[in-house]
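# Report on the structure
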Amino acid sequence: MGKCLVSSTISPLTFYTKPRSILPLNHPKLHYPVQSGLTIKFQSLKSSKSTRTFCTRAVLSEVPNQNKFSKIGASSTGSIPSKHLLHVVETAAKTGSEVVMEAVNKPRNITYKGLTDLVTDTDKMSEAAILEVVRKNFGDHLILGEEGGLIGDSSSDFLWCIDPLDGTTNFAHGYPSFAVSVGVLYKGKPAAASVVEFVGGPMCWNTRTFSAVAGGGAYCNGQTIHVSKTDKVLSFWDILKVERSLLVTGFGYEHDDAWTTNINLFKEFTDVSRGVRRLGAAAVDMCHVALGIVESYWEYRLKPWDMAAGVLIVEEAGGTVSCMDGGKFSVFDRSVLVSNGVLHEKLLERIGPATENLKKKGIDFSLWFKPENYYTEL
């Protein structure tokens, strides 16, 4: 079957932190509801598209947005040029995905790390291929792989977080929601990321490649991507409603209080949204938020290799990242909430208190899987 493993080229971009919208040329007049305390201003801008002469940028002065939440991306990539670091990240993810593609239609050799937690030979072979790329380019960097654990010198400022096959259960069943995820941290913060998602299904497998570098934007197959409702003409009240959103969550293998809490959140948001999906691959779920096809994703007890790439791709696509209690996020945290930004605070109205209740029950939300002696700026 054909493959679509495309590397992106990073070029300087102009970023807009406020929602933009393009109006149809035949739209004679705008009519928006009047709400106390809300000011809407319009500024006319030249459009980059030849078919349109003008677009408008709307400024909502008191709408909850991502500005109150701290950025989680690295402020720099240190001594390594960002383009070079991203190139190696993309090459590593592509190399791992080629291993997975070779095995995708073949019988699986499955073993278990837990009662239902699967691992296949493909996970291990993909990680080995990724490690070879990283070591060839950066032999002194620290590496944290899902299968191989911690490798290298903890004095390095760079930590690679590798999930060679995110969504192994889906892969084992031939269900199309799994990926290869490679993210690299600089002093504890995501600096560059690539996720190769497998799409289609048996007899028609293909891939699409997501990538991002801190401060450089997010891409899918080389094209810039944005979270939802940042450049579409919709009622400004629509973008604030959970009722008009498609959401995603996930559940771990340990069926404890955190699992039960999230089952309840799943039920509650299913009642008030367009639906809540559970696909089973965290990196894929976050990339879907970045792509703008879903509005939010949350989950408890993910590992650094599950999140390091996806959170940066979301943020660089214009989204917001926090812990599920609303606190500042790091990849060593035990919960994550990502969204298109405009819905973040609304979601936290329910997710935040539920998470605080877990803390009161004694559920541990301290940092985990942080390598000893690894320096961070968290």
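These remarks concern the structure in this document.

Conventions and cut-offs
Counting of residues starts from 1 at the beginning of each chain's written sequence and follows it residue by residue. Reporting of local features is limited, given that this is a predicted model, to residues whose pLDDT is at least 70; pairs of side-chain atoms are given and counted only at 80 or more, and all residues count toward the totals for whole chains, interfaces and linings. Where side-chain values are given, they derive from all heavy atoms of the structure, hydrogens and water being excluded. Only protein chains enter the accessibility calculation, which uses a 1.4 Å probe. A residue is then buried if its area is under 20% of the maximum for its type, exposed if over 50%, and partly exposed in between. Helix and strand assignments follow DSSP, with helices taken as H or I runs no shorter than four residues and strands as E runs no shorter than two, numbered in order from the N terminus. Pairing between two strands requires that DSSP report at least two bridges joining them. A contact between two residues is defined here by any heavy atoms of the two lying within 4.5 Å. Only C-alpha atoms enter the line fits that serve as axes; for helices the fit covers just the stretch in contact. Angles between N-to-C directions range over 0 to 180 degrees. To sort the angles, those under 35 degrees are grouped as roughly parallel, those over 145 as roughly antiparallel, those from 65 to 115 as roughly perpendicular, and the leftovers as oblique. In this scheme, a crossing is called left-handed if the near helix is turned counterclockwise away from the far one by less than a right angle; it is called right-handed if the turn is clockwise. The residue classification treats Ala, Val, Leu, Ile, Met, Phe, Trp, Tyr, Cys and Pro as nonpolar and Asp, Glu, Lys and Arg as charged. All others, Gly included, are polar. Among buried residues, the Ala, Val, Leu, Ile, Met, Phe, Trp, Tyr and Cys ones that are joined through side-chain atoms within 4.5 Å form a nonpolar core.

## Overview of the pairing of strand β10 (residues 189-199)
For β10, the tally of buried residues reaches 10 of 11 residues, placing the bulk of the element in the interior. Sheet topology note: the strand β9 (residues 178-186)/β10 ladder contains nine bridges and is antiparallel. Residue pairing in the sheet places Ala179 in a bridge with Glu197 of β10. Counting the residues in the hairpin turn of β9 and β10 gives two residues, including Lys187, whose phi is positive at 55°.

## A few points about the environment of Ala309
With respect to the secondary-structure elements, Ala309 resides in helix α6 (residues 304-316). Between the C-alpha atom of Ala309 and that of Cys287, which follows or precedes it by 22 residues, the distance is 9.1 Å. Once residues within four sequence positions are removed from consideration, Ala309 is found in contact with Ser181, Val182, Gly183, Ala193, Ser194 and Val195.

## Thoughts on the environment of Phe210
Checked against the element boundaries, Phe210 lands in strand β11 (residues 206-213). Residue Phe210 is classed as buried on the basis of its relative accessible area of 0%. Note: C-alpha distance between Phe210 and Ala290 (80 residues apart in sequence) is 9.1 Å. With residues up to four places along the chain from it excluded, the contact list for Phe210 reads Ala193, Ser194, Val195, Glu197, Tyr219, Cys220, Ile225, Cys287, Leu291 and Ile313.

## Comments concerning the sheet that holds β9
Spatial ordering of the open sheet is given by β7-β6-β8-β9-β10-β11-β12-β13, a layout of eight strands whose pairing is mixed. In the strand order of this sheet, the two ends are held by β7 (149-151) and β13 (223-224), each with one partner. Against the sheet, helix α2 (residues 121-137) touches β6 (142-145), β7, β8 (158-166) and β9, its axis set at about 150° to β8.

## Focus on the packing of helix α4 (residues 257-272) against helix α7 (residues 344-360)
Running from N to C, α4 and α7 point in directions that differ by 160°, and their axes come no closer than 10 Å. In terms of their interaxial angle, α4 and α7 are classed as roughly antiparallel. In this structure, α4 crosses over α7, and the sense of that crossing is right-handed. Along the contact surface, α4 presents Asp257, Ala258, Thr261, Leu265, Glu268 and Phe269, while α7 presents Leu347, Arg350, Ile351, Ala354 and Leu358. Its residues placed into classes, the contact of α4 with α7 shows seven nonpolar, one polar and three charged.

## Let's talk about the packing of helix α1 (residues 82-103) against α2
It is the contact of α1 with α2, at a shortest axis distance of 8 Å, that shows an interaxial angle of 155°. Put simply, α1 runs roughly antiparallel to α2. Remark: the crossing between α1 and α2 carries right-handed chirality. On α2, the residues touching His84, Val88, Thr91, Ala92, Thr95, Gly96, Val99, Val100 and Ala103 of α1 are Thr122, Met125, Ser126, Ala129, Ile130, Val133, Val134 and Asn137. For the contact of α1 with α2, the class distribution of residues is 10 nonpolar, seven polar and no charged.

## Some points on the nonpolar core
Judged by nonpolar contacts, the single largest core of 44 residues is most densely connected at Tyr297, Val311, Ile313, Phe329, Val336 and Val338. Take this core: its biggest share by element is eight residues, from α6. Among residues more than four places away in sequence, those in contact with Val338 are Met286, Val289, Glu295, Ser296, Tyr297, Val311, Val314, Thr320, Val321 and His344. By size, the runner-up hydrophobic cluster in this structure holds 34 residues, among which are Leu86, Val104, Phe178 and Tyr186.

## Quick look at the sheet that holds strand β17 (residues 320-322)
As summarised here, the arrangement of the five strands in space is β15-β14-β16-β18-β17, forming an open sheet in which the pairing is mixed. This sheet does not close on itself; its edge strands, each paired only once, are β15 (275-277) and β17. The mean inter-strand angle of the sheet, taken between neighbouring strand axes irrespective of direction, is 15°. In terms of strand pairing, β17 meets strand β18 (residues 335-339) through three bridges, oriented antiparallel.

These results come straight from atomic positions and should not be treated as a statement about function.
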